[in-house]
Each structure stands twice: as structure tokens, then as C-alpha cells.
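What the coordinates show
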Amino acid sequence: SSGINAEWPLRPGNNCLFNTTSATGVDKLRNVLLAFSRYSVEIGYCQGLNRIAAFALTVLNLKEEDSFWAVVAVVEVLPPDYYSQTMVGAQVDQRVLSDIMS
């Protein structure tokens, strides 16, 4: 949870629901991320989870609890270390994409 607060505000894109600490979606986003960090103690919070949670809350129009479970499902489907404190899996994907695009 300290990682969430240290990086606050977590601005998934330029979405007006999350762009300031008083925006209407901020509390919901924080609740989802805090719940995930407590559920998955091994991962806790890492960069990128805010975008998944924000997508679930806005585009999928899910309630907080359902958004939490959506984040869990995404993280559990991806290879280990994709979302982790080191984010090795995400870094590998970014490098592969960079190589493909160059």
C-alpha cells in the first residue's frame, strides 16, 4: 500500500476520473489497488496495475469488487514475474516489441 500512496496520483492516461486526487474515480481505483496489494502479498502493488484497474472500472464499467477480481484474473493469467516487484516479464515484452518496431 505504501507504493500506491508514494506514486499517487496514479493517472491512467488522461482520464478525468483519475487525473487529480479529488477526481470521482480515485477512491474506487485506490480501493481496488489496495485490495489487490493485500490479496497478493507477494506482488503487492507494482506499476501498470493502475491501468488494468482503471480499465475495469471505466471501460468494462465494473464495480469495485468485480474490478478487483478482474485485476486478479489478468495477473494470474500472465506469466510469472510479468507483474511483480521487478516486472521482468513486462520488461522482456517491451524489449521484444521495441526490437520488432525498429
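Residues numbered from 1 in each chain as written. Predicted model: local features only at pLDDT ≥ 70, side-chain atom pairs only at ≥ 80, totals over all residues. Heavy atoms only, no water.

For the rest of this paragraph, the subject is the confidence of the model for the chain. Of the residues in the chain, 87% have a pLDDT of 70 or more, and the chain-wide mean is 83. Mean pLDDT values over the elements of the chain span from 56, in helix α1 (residues 2–6), up to 95, in helix α4 (residues 64–77). (pLDDT = per-residue confidence, 0-100. Helix = DSSP H or I, 4+ residues; strand = E, 2+ residues; numbered from the N terminus.)

Enumeration according to the criterion identifies 4 aromatic pairs in this entry. Ring geometry for Y39 and F68: centres 5.4 Å apart, planes at 85°, overall edge-to-face. A residue pair is termed long-range when its members are at least 10 positions apart, and Y39 in helix α2 (residues 26–39) and F68 in helix α4 qualify at 29 residues. Using a relative accessible area of 41% as the deciding quantity, one classes Y39 as partly exposed. Exposure remark for F68: the relative accessible area of 9% places this residue in the buried category. Within the aromatic cluster, the residues linked to one another by ring pairs are Y39, F68 and W69. (Phe/Tyr/Trp six-rings, centres within 6.5 Å; stacked < 30°, edge-to-face > 60°. Buried < 20%, exposed > 50% of the residue type's maximum accessible area, 1.4 Å probe, protein only.)

Taken together, the side chains of V88, V92, V96, L97, I100 and M101 define a hydrophobic patch exposed on the protein surface, amounting to about 590 Å² of accessible area. We classify V96 as partly exposed; its relative accessible area is 43%. (Patch = residues over 30% accessible without salt bridge, like charges linked within 9 Å, V, L, I, M, F, W, Y side chains within 5 Å. Areas by Shrake-Rupley, 256 points an atom, 1.4 Å probe, with all protein chains shown as cover. Salt bridge = Lys/Arg side-chain N within 4 Å of Asp/Glu carboxyl O.)

Right, let's talk about α4 for a bit. For an α-helix, 3.6 residues make a turn, and residues three or four places apart therefore share a direction. Taking 1.5 Å per residue as the helical rise, α4 with its 14 residues ought to reach 20 Å, and the 20 Å between its terminal C-alpha atoms agrees with that figure. Within α4, burial applies to S67, F68, A70, V71, V72 and V75. (Expected span 1.5 Å × (residues − 1).)

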